[in-house]
Amino acid sequence: LRPPSAKVISGNIEIAGQFHADLSRHAIQWNKIRGTVLSMIFQDAQLALNPMMTVREHFRDVLLFHKAASEQEITPLASELLRLLNFTDIDRVLASYPFQLSGGMCQRVCIALSLCLKPSVLIADEPTSALDSVSQKEVLDVLKNVQNELALSVLFITHDIAVANSVSERVIVLNKGIVAERGVTREVLSAPQTSYTRKLLEARESINEPFDIPPSNSEPVLEIIGLGKCYSKSQNVLSDLTLSLREREIVGVLGQSGCGKSTLAKCLTGVERPTSGTILFRGKDISMLYGKARREICRHIQIVFQDARASLNPRYTALQLVQEPMNYLHIGLSSERREKARFYLNQVGIDNNAQNRRPPRLSTGQCQRIAIARALILEPDILICDEAVSALDMQVQAQILSLLRQLHEQFRFSILMISHDIRVMRIFCHKIAVMKDGCFSEVGSADMITADSPNPSTRLLLACELSI
C-alpha cells in the first residue's frame with residue numbers, strides 16, 4: 001500500500017508462521033494473505049470505504065472475492081457482524097452509502113469488514129479514535145471477545161494512552177519512526193524510562209486542566225428553535241432541537257456516534273436543509289437560504305470538519321487552500337488574499353516552509369491547523385468545530401485546544417464545539433448540550449455534566465470514559 005516513492009531498504013516479515021520474506025528483495029503474494037491471514041482496520045474509515053458502494057456491497061465484494069460465502073449467505077453474515085458491533089438498525093445500515101453514515105458508524109463497519117474472513121492477525125490502526133466513550137468501550141470489548149474466539153493476534157496502533165493501557169499486554173512507544181521504549185504495558189506507562197513517554201503522559205493530564213474562559217452574557221448570535229431533519233419517513237435524524245449561542249460563548253454538543261451531531265453542523269452551515277424548525281443568525285432566519293444569500297452567510301458561519309485531511313484538496317498547497325474562501329466570495333486582490341492567508345497560517349503555527357506543501361506531505365495535526373486557518377480567514381462570528389481534535393494524539397490535542405483558546409480570545413468569535421470527548425467538553429465549554437437519538441436530553445453548564453447527573457445518557461458516557 002505504500003506509494004511508489006517509498007522504498008523498503010531492510011527487514012524481514014513473518015506472518016502467522018506461514019509466510020516469510022525479505023521485504024527489501026522479495027515481493028509477497030498479498031492476495032493470498034490479505035484479509036484471510038492478515039487484516040487491517042484503517043484509521044480513516046470514511047476514506048477507506050468506497051463512496052459508490054453500499055455497506056452490503058462492501059461485504060459482498062470481500063466475501064465473494066475470497067469465496068468465503070455464497071450470495072445467499074452474505075446478508076446474514078454481515079448482519080451478525082454488525083450486530084456484534086452494536087448496530088440496531090442493521091437493514092438501514094446495509095442499504096446505506098458511507099456518506100450517509102457518521103464517522104463512528106463507518107469505523108464500526110470497517111471493523112466488521114476486517115473480521116468477516118476470520119484472519120489470524122489484525123492490525124488495528126486507531127480503530128476507536130472516531131468513537132464516543134460508549135461505542136469505544138463496546139468496540140474494545142467486542143475486539144477482546146473476537147480475539148479470544150478466533151485466537152486472534154492484534155497489533156493495536158493508537159495515540160490514546162488509556163486505550164493502550166486497557167487493551168494491550170505489551171506496548172511499544174514510537175517517536176519519529178524509532179522505538180523510544182518497549183515493555184509490559186503497565187510498567188511502561190506507570191514508570192516511563194524516556195522523556196518522550198513522560199511527555200505523552202503529561203499531555204493527557206494537561207487536557208484535564210480547565211481553561212479559564214469567562215462566560216458571555218450578551219445577546220444570542222445564533223438560535224436553533226425546534227430544528228428537525230429527516231431523510232425519509234422512517235429515518236428521523238434530528239427532532240425538535242432548541243439551543244442558543246451567545247457572543248464569544250463556547251457551547252458544546254456532546255453525544256454518542258450516530259446521534260446526529262454532524263447533521264446538526266451541516267444544517268447550521270447550509271450543507272443540509274432542515275426539514276422543520278428555524279435557525280436564526282442575529283435574529284434573521286437562515287434555515288432555507290440558498291444562492292447569493294447563503295454565500296453571504298458563509299462569511300459569518302464557518303466550520304472545521306471532522307476529517308481535516310479529507311476536507312482539503314490534495315492538489316493545492318496550504319497557502320492556496322486557506323485562500324479558497326476568499327476566492328469563492330471574490331474578496332480582495334490576489335496579493336491581498338495571499339498575504340492574509342500567510343498571516344492566518346502563521347497564527348495557527350504553520351511556518352513558511354510548510355505553507356507551500358500539499359496535504360499528503362503534512363501531518364494530521366498540520367492539516368487540522370490549516371483547516372482552522374481556512375475557516376478563520378473570513379473572520380467569522382461563529383466557528384463550528386466538528387470533532388476537531390478526535391483524530392489527534394494527546395500532545396497535538398493539547399496544542400490545538402490551546403490554539404483555539406488563544407484565537408477565541410484574540411478574534412472574539414463564538415464556538416460550537418461538537419465532540420464525543422467529555423474531557424475536552426468539560427475544560428473548554430461554558431455550556432454543554434447532551435444529544436441522544438437526535439434530541440437534546442440535557443443542556444447545562446459544563447460543571448453540571450458529572451457522574452451524578454440525573455440524565456442517563458450523560459451518566460453512561462461518563463461511566464464508559466472512566467472504565468477505559
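Coordinates for the structure precede this section.
Every residue gets a number counted from 1 within its own chain, in the order that chain's sequence is written. In keeping with the predicted nature of the model, local features appear solely for residues at pLDDT of at least 70, side-chain atom pairs appear and are counted solely at 80 or more, and the whole-chain, interface and lining totals rest on all residues. Values reported for side chains reflect all heavy atoms of the structure, with hydrogen atoms and water molecules removed beforehand.

Participant: Which parts of the structure should I look at to understand the sheet that holds strand E3 (residues 38–41)?
Facilitator: Remark on secondary structure: sheet strands pair via backbone hydrogen bonds, oriented parallel or antiparallel. Ordered by their spatial adjacency, three strands build an open sheet running E3-E4-E5, and the pairing between neighbours is parallel. The open sheet is flanked by E3 and strand E5 (153–157), the only strands paired with a single partner. Strand-to-strand twist in this sheet, taken as the mean axis angle between neighbours without regard to direction, amounts to 15°. Pairs of strands are assigned from DSSP output, requiring at least two bridges between the strands. Under the scheme used here, helices are H or I runs from DSSP no shorter than 4 residues and strands are E runs no shorter than 2 residues, and both carry numbers assigned from the N terminus. Relative to E5, strand E4 (residues 121–125) runs parallel, the two sharing five bridges. Following the sheet pairing, Ala-124 is matched in E5 by Phe-156. Strand contacts of helix H5 (residues 103–115): E3 and E4, with the helix running at about 180° to E3, the strand carrying the most contacts. With axes taken as lines fitted to C-alpha atoms, and helix axes fitted only over the stretch in contact, angles between N-to-C directions fall between 0 and 180 degrees. A contact between two residues is defined here by any heavy atoms of the two lying within 4.5 Å.

Participant: Help me understand the sheet that holds strand E9 (residues 235–246) in this model?
Facilitator: With antiparallel pairing, the four strands of this open sheet are ordered in space as E9-E8-E11-E12. The open sheet has two free edges, formed respectively by E9 and strand E12 (284–285), since each of these has just one partner strand. Where strand E8 (residues 220–232) meets strand E11 (residues 276–281), five bridges bridge the pair, whose relative direction is antiparallel. Each residue of the ladder has a partner; that of Leu-222, found in E11, is Phe-281. Sitting on the sheet, helix H10 (residues 261–269) is in contact with E8, E9 and E11, with an inclination near 115° to E8.

Participant: Would you take a moment to explain the nonpolar core for this structure?
Facilitator: When a protein is soluble and globular, its nonpolar side chains tend to lie buried together. In this structure, Ile-370, Met-417 and Phe-428 are the most contacted members of the largest nonpolar core, which totals 54 residues. Per-element accounting of this core gives the leading share, seven residues, to helix H15 (residues 364–376). Remark: nonpolar core denotes a set of buried residues (Ala, Val, Leu, Ile, Met, Phe, Trp, Tyr, Cys) joined through side-chain atoms within 4.5 Å. Relative accessibility under 20% of the residue-type maximum defines a buried residue, over 50% an exposed one, and the middle range a partly exposed one, all with a 1.4 Å probe and only protein chains included. By size, the runner-up hydrophobic cluster in this structure holds 38 residues, among which are Ala-45, Phe-59, Leu-63 and Leu-85.

Participant: Got a minute to help me understand the side chain of His-159 in this structure?
Facilitator: Within the element layout of this structure, His-159 appears in the loop between E5 and helix H7 (161–167). Owing to a relative accessible area of 16%, His-159 belongs among the buried residues under this scheme. Pairs of N or O atoms are called polar contacts if they sit within 3.5 Å, as long as, within protein, a hydrogen donor faces a hydrogen acceptor (for residues adjacent in sequence, only side-chain-to-side-chain pairs). Within polar-contact distance, the side chain of His-159 engages the side chain of Glu-126 at 2.9 Å.

Participant: Hey, could you run me through the packing of helix H13 (residues 318–328) against H15 in this one?
Facilitator: Each packed pair of helices is defined by two parameters, the angle between the axes and the distance between the axes. As a packed pair, H13 and H15 sit with axes 7 Å apart at the nearest point and diverge in direction by 30°. One element, H13, and the other, H15, form an angle in the roughly parallel class. Note on packing geometry: the crossing formed by H13 with H15 is right-handed. In this structure, H13 contributes Ala-318, Leu-321, Val-322, Glu-324 and Pro-325 to the contact, and H15 contributes Ile-370, Ala-373 and Arg-374. To sort the angles, those under 35 degrees are grouped as roughly parallel, those over 145 as roughly antiparallel, those from 65 to 115 as roughly perpendicular, and the leftovers as oblique. The handedness criterion is simple: a crossing whose near helix is rotated anticlockwise from the far helix by less than a right angle is left-handed, and one whose near helix is rotated clockwise is right-handed.

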